[in-house]
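A look at the structure
So the chains spell out like this:
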There are 2 protein chains.
Amino acid sequence: MKVVIVGATGAIGSAVVNELRSRHDVIPVGKSRGDFQVDITQPASISGLFAKIGKFDALVSTVGHVHFAPLAEMTPSLFAVGINDKLMGQVNLTQLSTEYLNPGGSVTLTSGILSREPIRAGSSASMVNGALEAFTLAAAIELPRGIRINCVSPTVLTESMESFCPYFRGFEPAPAARVALAYSKSVEGHHTGQIYRVG
Amino acid sequence: MKVVIVGATGAIGSAVVNELRSRHDVIPVGKSRGDFQVDITQPASISGLFAKIGKFDALVSTVGHVHFAPLAEMTPSLFAVGINDKLMGQVNLTQLSTEYLNPGGSVTLTSGILSREPIRAGSSASMVNGALEAFTLAAAIELPRGIRINCVSPTVLTESMESFCPYFRGFEPAPAARVALAYSKSVEGHHTGQIYRVG
């Protein structure tokens, strides 16, 4: 399969590349690195990316930025960061990939554990992750030509615990390589409308 | 208790007014009707509303518009309708009400069944409802002075089935008066961070 991985140079994305590259034609996409570049906040940048790559079988998105701040300090413009980047960036990737995906192809998005287990200063992340998971359920019953969509909702990464552990006390972390298995299940399996909770 | 009901003239809001008005000082707010008016897409309009009302004990929001269309026809600007209205309108109501809510007061938001049981043409509603439910979990652990927050996630209303039933085949509707009980549970009970699924 030809698998486009947006966010391929990140902690999760690089683990997904490692998981899939021995079996598939993996195309790594980053914001400034990778074989191709994309700014997911700009639909024209996404369209340009897919026009350059052409038809493919699977889109994996492991990207998305949100602003972390105490709820009392969150403003509409700080909420808009996550809405425009992690949420609508991934929704637009989904929408614009549809015409390039071969029949039976798949889209795999990334949310995160904060949709169900919030932390302080994470209200925007919770909101965006909850939105992505519900969007996945909805898109699964509308995508054409047997195109599937799933969402991976990982816990905090073992690799990130050194910097993030004060915010995630008691959360059991998962190594990126283990999180990557969920993307393999989505891309190489046959499910649709699933939220794969890892951790 | 002094209870501010935003969306008081709608199908759910008017049932909540009926449920609460014999026991509480209910202040009905609408977009163009009610004792006060507010445009929830404008933070300045929300601030102006609360400045006029002064301190209160409970905010109930039964408002929010989203655009329904087939996924293939949804664009970033059509997704923005629901994000700016039902989602950020209710988030901004929550944020801006905090300083006016008395200690131990409550916020009750409204999402809907499409977060967990999608219908075709409802991807924006699913997304927004999922976002609101996860935001509720997150805000519950950050609101100050014992202020609580819950979210009611109702099925389709019995009163709306005449026009909506082609889209909701097999969904068991609930009368607005029954949905209103969940708002009473939130306002008059002591829960926080709960999603009350009705139907």
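Because the structure is predicted, anything quoted here is derived from the model rather than measured.

A separate point is the relation of the copies chain A and chain B. Take chain A, turn it by 180°, move it 0.0 Å along the axis, and it overlays chain B with an RMSD of 0.0 Å. Such a turn and shift between the copies fits a two-fold axis.

A few words now on the interface of chain A and chain B. On the chain B side, the residues contacting the 32 residues of chain A number 32 residues. Both sides of the chain A and chain B interface together cover about 2600 Å² of buried area, and 71% of this is carbon and sulfur. Taken together, the links from chain A to chain B amount to zero salt bridges. For the pair chain A and chain B, the number of links is 10 residue pairs in polar contact (both at pLDDT 80 or more). Only α3 (76–97) and α4 (123–140) of chain A provide two or more residues apiece to the side of chain A that touches chain B. For the side of chain A that touches chain B, the element with the most residues is α4 of chain A, which contributes 10 residues. Across the side of chain A that touches chain B, the residue classes tally to 22 nonpolar, seven polar and three charged.

Attention now moves to the sheet that holds strand β1 (residues 2–6) of chain B. Residue and element names in this part refer to chain B. The strand order across the open sheet built from seven strands is β3-β2-β1-β4-β5-β6-β7, with neighbouring strands paired in parallel fashion. With one partner strand each, in any of the chains shown, β3 (36–37) and β7 (195–198) form the two edges of the open sheet. Where strand β4 (residues 56–61) and strand β5 (residues 101–110) come together, four bridges link them in parallel fashion. Looking at the pairing, Phe 56 lines up with Leu 101 of β5. Its contacts with the sheet put helix α4 (residues 123–140) on β5, β6 (148–154) and β7, and the angle it makes with β6 is roughly 160°.

Let's shift gears to the confidence of the model for chain A. When pLDDT is averaged along chain A, the result is 97, and 100% of the positions lie at 70 or above. With pTM at 0.98, the complex prediction returns an ipTM value of 0.98.

This part takes up unusual backbone geometry. With a phi angle near 75°, Ala 121 of chain A is a residue other than glycine that sits in the positive phi range. Positionally, Ala 121 of chain A belongs in the loop between β5 (101–110) and α4. The residue Arg 145 of chain B is not glycine, and still its phi comes out positive at about 55°. Along the chain, Arg 145 of chain B falls in the loop between α4 and β6.

All names here are of chain A. In the structure shown here, the tally under the stated rule is six salt bridges over all chains. Across the pair Glu 19 and Arg 23 runs a salt bridge whose closest N-O atoms are separated by 3.1 Å. Taking relative accessible area as the criterion, Glu 19 reaches 22% and is therefore assigned partly exposed. For the salt bridge of Arg 197 with Glu 133, the shortest nitrogen-to-oxygen distance reads 3.9 Å. With Arg 197 in strand β7 (residues 195–198) and Glu 133 in helix α4, the pair connects residues that are 64 residues apart, well separated along the chain. The buried category is assigned to Glu 133, whose relative accessible area is 9%. In this structure, a network of salt bridges that share partners links the residues Glu 19, Arg 23 and Glu 188.

Criteria and thresholds
Starting from 1, residues in each chain are numbered consecutively following that chain's sequence as written. Whichever chain is written first is A, and whichever ligand is written first is 1; the rest continue in order. Where totals are concerned, whole chains, interfaces and linings use all residues; where local detail is concerned, this predicted model gives features only for residues with pLDDT of at least 70, and gives and counts side-chain atom pairs only at 80 or more. Side-chain numbers come from the whole structure's heavy atoms, not from hydrogens or water. For the least-squares superposition of copies, only C-alpha atoms count, and only for residues with pLDDT at least 70 in both. Throughout, a contact is declared for two residues whenever any of their heavy atoms are within 4.5 Å. Buried area: the accessible area, evaluated with a 1.4 Å probe, that two parts lose upon being put together, summed over both parts. Whenever a carboxyl oxygen of Asp or Glu lies within 4 Å of a side-chain nitrogen of Lys or Arg, that contact is scored as a salt bridge. Polar contacts, as used here, are pairs of N or O atoms within 3.5 Å; protein pairs need one atom able to donate a hydrogen and one able to accept it. Residues neighboring in sequence count only if both atoms are side-chain atoms. Strands are runs of DSSP state E lasting at least two residues, helices are runs of H or I lasting at least four, and both sets are numbered from the N terminus onward. Under the convention adopted here, Pro, Cys and the residues Ala, Val, Leu, Ile, Met, Phe, Trp and Tyr are nonpolar, Asp, Glu, Lys and Arg are charged, and Gly plus all remaining residues are polar. Here, any two strands with at least 2 DSSP bridges between them count as paired. To obtain each axis, a line is fitted to C-alpha atoms, and for helices this fit is confined to the stretch in contact; angles are then taken between N-to-C directions over 0 to 180 degrees. Known as pLDDT, the predictor's per-residue confidence is scaled from 0 to 100. Classification of residues uses two cut-offs on accessible area relative to the type maximum, computed with a 1.4 Å probe and protein chains only: under 20% is buried, over 50% is exposed, and between them is partly exposed.

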